[in-house]
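Fold and contact review
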Amino acid sequence: MESTISASSPASVAYTTVSSRVSPPADDTQNATDKSAIQEDATNKADSEVTAGPTRADGTPLAPEEIQLLEQLKQTDRDVRQHEMAHQITGGPYTGGATYEYEIGPDGKRYAVAGEVPIDYGPVPGNPQATIEKMQTVIAAALAPADPSPKDLQVASQARQYLLEAKLEAAQQQSDMNKARGPEPEMAAGQAA
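Residues numbered from 1 in each chain as written. Predicted model: local features only at pLDDT ≥ 70, side-chain atom pairs only at ≥ 80, totals over all residues. Heavy atoms only, no water.

**Points about the overall build of the protein chain**
Helix and strand counts for the protein chain stand at 5 helices and 4 strands. At a minimum sequence separation of 6, the contacts of the protein chain that also span at least 24 residues come to 48%. Element-wise, carbon and sulfur atoms account for 53% of the exposed surface of the protein chain, whose accessible area totals about 13300 Å². (Helix = DSSP H or I, 4+ residues; strand = E, 2+ residues; numbered from the N terminus. Contact = heavy atoms within 4.5 Å. Areas by Shrake-Rupley, 256 points an atom, 1.4 Å probe, with all protein chains shown as cover.)

See below:
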C-alpha cells in the first residue's frame, strides 16, 4: 500500500491510496471504518509534523528564542562534560568522579553548565621521584582541556612548584648518595696506573 499525504492543515489532508485488493469489502460499513482509520492516521501524522521541533515538557512547541537558548544549553553541556572528561582521562588514578551543576532547559531537561573533577595534587612524602611522576601527570591533567579554567591553571601552577621542589630534593639525595660512595671509580683507576 502506498499513500501520499499533503499536509497544509489537518482539515485539508489529501490521500491517494493504491490497493491491491482483489475483492471488494464485504459491506460499506467496513469501507467507512477503513477510510476513517486512514484519515485519523493522516491527521495524527500531520499534527506530529507541525510539532516535530523541540517542545516543552508538556509537549507544546518552543518559541524561537527558547530554541536558541536550548541549543546554547546543549552546547554548554557538551563543552562542560568534554572538559571534565579530559581531566579525568589524563589524571588517571589522581582524579575522582566529575560533579556537575545543572540548569533546567525550556524543554524541562537538565543541562550541565559547570563541573569539577577532584584531583590529588599533593606531593608523595619521602619519595621525590614518585612526586615528580605524579606532578607531571597532575600538570597534564590540569591543562588537558582545550580551555583550562583559572582553577585548572592554579592547580597546574601548584603542581609545578611541587615538581621543582621534588627535583631539588631528588638532586640532593643523589648528591648525598654520591658523597657516601666515596671517590669516583675513575679516580681510583687513574691512581693505580
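Let us keep going from here.
**Regarding the pattern of salt bridges**
For the coordinates displayed, the defined rule picks out 4 salt bridges. Close ionic contact of Lys74 with Glu71 constitutes a salt bridge, the shortest N to O distance being 4.0 Å. Residue Lys74 and its partner Glu71 are located together in helix H2 (residues 64–91), separated by 3 residues, close to a single helical turn. Take Lys74: its relative accessible area is 29%, and that puts it in the partly exposed class. (Salt bridge = Lys/Arg side-chain N within 4 Å of Asp/Glu carboxyl O. Buried < 20%, exposed > 50% of the residue type's maximum accessible area, 1.4 Å probe, protein only.)

**Some words on the confidence of the model for the protein chain**
Detailed reading of the predicted coordinates is not advisable wherever pLDDT is low. On average, residues of the protein chain score 78 in pLDDT, and 68% of them reach the 70 mark or higher. Low pLDDT, under 50, characterises residues 46–50; the stretch is placed with 3 contacts to residues that sit more than four places away or in other chains. (pLDDT = per-residue confidence, 0-100.)

**Let's talk about the nonpolar core**
The tendency in soluble globular proteins is for nonpolar side chains to be buried as a group. Counting residues in each nonpolar core, the largest one holds 10 residues, listed as Ile132, Met135, Val138, Ile139, Ala142, Val155, Ala156, Ala159, Leu163 and Ala166. Elements with a minimum of two residues in this core: helix H3 (128–142) and helix H4 (150–181). Residues in contact with Leu163, not counting those within four places in the same chain, are Ile132, Met135, Gln136 and Ile139. (Core = buried A, V, L, I, M, F, W, Y, C linked by side-chain atoms within 4.5 Å.)

**Focus on the environment of Thr137**
One can find Thr137 in helix H3. Between the C-alpha atoms of Thr137 and Tyr121, which are 16 residues apart in sequence, the distance is 9.3 Å. Discounting chain neighbours no more than four positions away, the residues touching Thr137 are Thr90, Gly91 and Tyr94.

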